[in-house]
Amino acid sequence: MRDPPGTSGHVVYLRVLELPVPGRDCLDCEFVVETETVKGSFPAYVTSDDLDDWQEALEELASGRFVSWLNSGRTVQFKIKPLSPGVIGVSLHDGPSSQVTVSFPLSPGDRLDR
């Protein structure tokens, strides 16, 4: 997700670091965050069940509801909260490792699933 050109330029996305390994139900990924004051990444481990949960989270968000994804405590937790029309609040919490939380507003338009 990213702000449209000409705005704050905030970005958050999940990058897959390696191709899936046969017989392993986990993808090594990282959340990448870029704001005016923060640029960094958080390791994340995503299973096929997590991907199903992401689809459900997008449906909830489309209904204007707060969503939280990757809530197991084994990896970074990702939250999205509608703030106003066209603006969401994004929060990443690295509970298993650094205990760092990064939160910022984002105006992604219709780009929530990309």
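What counts and how
- Residues numbered from 1 in each chain as written.
- Predicted model: local features only at pLDDT ≥ 70, side-chain atom pairs only at ≥ 80, totals over all residues.
- Heavy atoms only, no water.
- Pairing = 2+ DSSP bridges.
- Helix = DSSP H or I, 4+ residues; strand = E, 2+ residues; numbered from the N terminus.
- Axes fitted to C-alpha atoms, helices over the stretch in contact; angles between N-to-C directions.
- Phe/Tyr/Trp six-rings, centres within 6.5 Å; stacked < 30°, edge-to-face > 60°.
- Buried < 20%, exposed > 50% of the residue type's maximum accessible area, 1.4 Å probe, protein only.
- Contact = heavy atoms within 4.5 Å.
- Expected span 1.5 Å × (residues − 1).
- Arc of directions from axis to C-beta.

Participant: What is the right way to read the sheet that holds strand 1 (residues 11-16) from this model?
Facilitator: Across a sheet, paired strands are connected by hydrogen bonds in the backbone, their directions being either parallel or antiparallel. Overall, antiparallel pairing links the 3 strands, which are arranged 1-2-3 in an open sheet. The sheet is open, and its two edges are formed by strand 1 and strand 3 (39-46), each paired on a single side. For this sheet, the mean angle separating the axes of adjacent strands, direction not counted, is 20°.

Participant: Mind showing me how you'd approach the packing of aromatic side chains here?
Facilitator: Pairs of aromatic rings are described using the distance from one ring centre to the other and the angle between the two planes. Going through the model one piece at a time under the given rule, you end up with 4 aromatic pairs. An angle of 45° between the planes, with centres 4.9 Å apart, marks the rings of Trp-54 and Trp-69 as tilted. Here Trp-54, found in helix 1 (residues 48-62), pairs with Trp-69, found in strand 4 (residues 67-69); they are 15 residues apart in sequence, far enough to count as distant. Residue classification places Trp-54 among the buried residues on the basis of a relative accessible area of 17%. Ring centres 5.9 Å apart and planes at 45° place the aromatic pair Trp-54 and Phe-78 in the tilted group. With a gap of 24 residues between them, Trp-54 in helix 1 and Phe-78 in strand 5 (residues 77-84) connect regions that are remote in the sequence. Taken together, Phe-31, Trp-54, Trp-69 and Phe-78 form an aromatic cluster joined through their ring pairs.

Participant: Would you mind going over the sheet that holds strand 5 with me for this structure?
Facilitator: Reading across from one edge, 4-5-6-7 is the order of the 4 strands in this open sheet, with antiparallel pairing throughout. The strands lining the two open edges of the sheet, one partner per strand, are strand 4 and strand 7 (101-106). Sheet twist, expressed as the mean angle between neighbouring strand axes with direction ignored, is 15°. Sheet topology places strand 5 next to strand 6 (residues 87-93); 7 bridges connect them, and they run antiparallel. Among the inter-strand pairings, Ile-80 is bridged to a residue of strand 6, identified as Val-90. Across the sheet, helix 1 is in contact with strand 4 and strand 5; its angle to strand 4 comes to roughly 170°.

Participant: Would you explain unusual backbone geometry in this entry?
Facilitator: You will see that Leu-70, though not glycine, has its phi angle at about 65°, which is positive. Its place among the elements puts Leu-70 in the loop between strand 4 and strand 5. You can call Leu-70 buried: its relative accessible area is 5%.

Participant: What is the right way to read helix 1 from this model?
Facilitator: An α-helical segment advances 3.6 residues per turn. Residues three or four places apart therefore align on the same side. Here helix 1 is 15 residues long and its end C-alpha atoms lie 22 Å apart, about the 21 Å a rise of 1.5 Å per residue gives. Looking at helix 1, one finds that the buried residues are Asp-50, Trp-54, Ala-57, Leu-58 and Leu-61. Down the axis of helix 1, the buried side of the element spans an arc of 100°, and every buried residue falls inside it. Of the exposed residues in helix 1, those oriented more than 90 degrees away from the buried face are Asp-49 and Ala-62. Among the residues trailing helix 1, Gly-64 stands out with phi positive, at a value near 85°.

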